[in-house]
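So you can see what is in the structure, the chains are spelled out below.
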Amino acid sequence: MDIEKLVLDSKILIVDDERTHLVLVERALKHGGFSAIKSTLDPREVCNIYKSFLPDLILLDIMMPHMDGFQVMDQLKELDNLKGFRDGTLPILVMTARTA
């Protein structure tokens with residue numbers, strides 16, 4: 001099996017409340033050869049997207065209105081426990097644009 005193809009076929013979900021950040025990350029991934037990308041500006045949509053898209057990786061902004069990244073991760077963990085979608089090992093990379 002071609003490992004590069006396997007990696008580039010990975011499904012990625014981007015969650016960020018800033019449109020410019022979301023577009024920047026999405027474009028960078030597409031430029032890198034990834035094609036199975038979904039994104040949302042609203043963290044409240046993540047669980048529904050997760051159930052239908054079943055991403056291999058989530059790129060998650062940690063500071064958002066309505067729900068922060070920690071609350072999103074708690075909901076995903078709860079969903080996994082109730083529905084058994086995965087084995088509890090969904091990779092999530094946390095992002096922030098905040099400067100020190």
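Everything numeric in this text was worked out from a predicted model, so none of it was measured. Within each chain, residue numbers correspond to sequence positions counted from 1 in written order. Whole-chain, interface and lining totals are the exception, using all residues; otherwise, since this is a predicted model, local features are given only for residues with pLDDT of at least 70 and side-chain atom pairs are given and counted only at 80 or more. Side-chain descriptors were evaluated using all non-hydrogen atoms of the structure, hydrogens and water having been removed beforehand.

(A) Structural view of helix α3 (residues 46-53). Within α3 the residues assigned to the buried category are Val46, Cys47, Ile49, Tyr50 and Phe53. Viewed along the axis of α3, the buried residues span an arc of 160°, placing them on a single side of the element. Away from its buried face, by an angle of more than 90 degrees, α3 presents the exposed residues Asn48 and Ser52. The secondary structure listing takes helices from DSSP runs of H or I that are at least 4 residues long and strands from runs of E that are at least 2 residues long, numbered from the N terminus. One or two positions beyond α3, positive phi appears at Leu54, with a value near 45°. Residue exposure (1.4 Å probe, protein chains only): buried if accessible area is under 20% of the type maximum, exposed if over 50%, otherwise partly exposed. Each direction from the helix axis to a C-beta atom contributes to the arc, which is the arc of those directions.

(B) Up close: the side chain of Asp42. Take Asp42: it is sitting in the loop between β2 (37-40) and α3. Taking relative accessible area as the criterion, Asp42 reaches 18% and is therefore assigned buried. Residues adjacent in sequence count toward polar contacts only when both atoms are side-chain atoms; beyond that, a polar contact is any pair of N or O atoms within 3.5 Å, and within protein one must be able to donate a hydrogen and the other to accept it. A polar contact is formed between the side chain of Asp42 and the backbone nitrogen of Arg44, at a distance of 2.9 Å.

(C) Focus on the nonpolar core. Within the largest apolar cluster, 15 residues are counted, with the highest numbers of intra-cluster contacts made by Leu13, Val15, Val46, Ile58, Leu60, Val72 and Leu76. When residues of this core are traced back to their parent elements, those giving at least two are β1 (12-15), α3, β3 (57-61) and α4 (69-83). Here the element with the most residues in this core is α3; it accounts for 5 residues. Two residues qualify as a contact provided that any one of their heavy atoms is within 4.5 Å of a heavy atom in the partner residue. Ignoring sequence-local partners within four residues, the contact set of Val46 consists of Leu13, Val15, Thr40, Val72 and Leu76. Remark: nonpolar core denotes a set of buried residues (Ala, Val, Leu, Ile, Met, Phe, Trp, Tyr, Cys) joined through side-chain atoms within 4.5 Å. By size, the runner-up hydrophobic cluster in this structure holds 9 residues, among which are Ile12, Leu22, Phe34 and Leu59.

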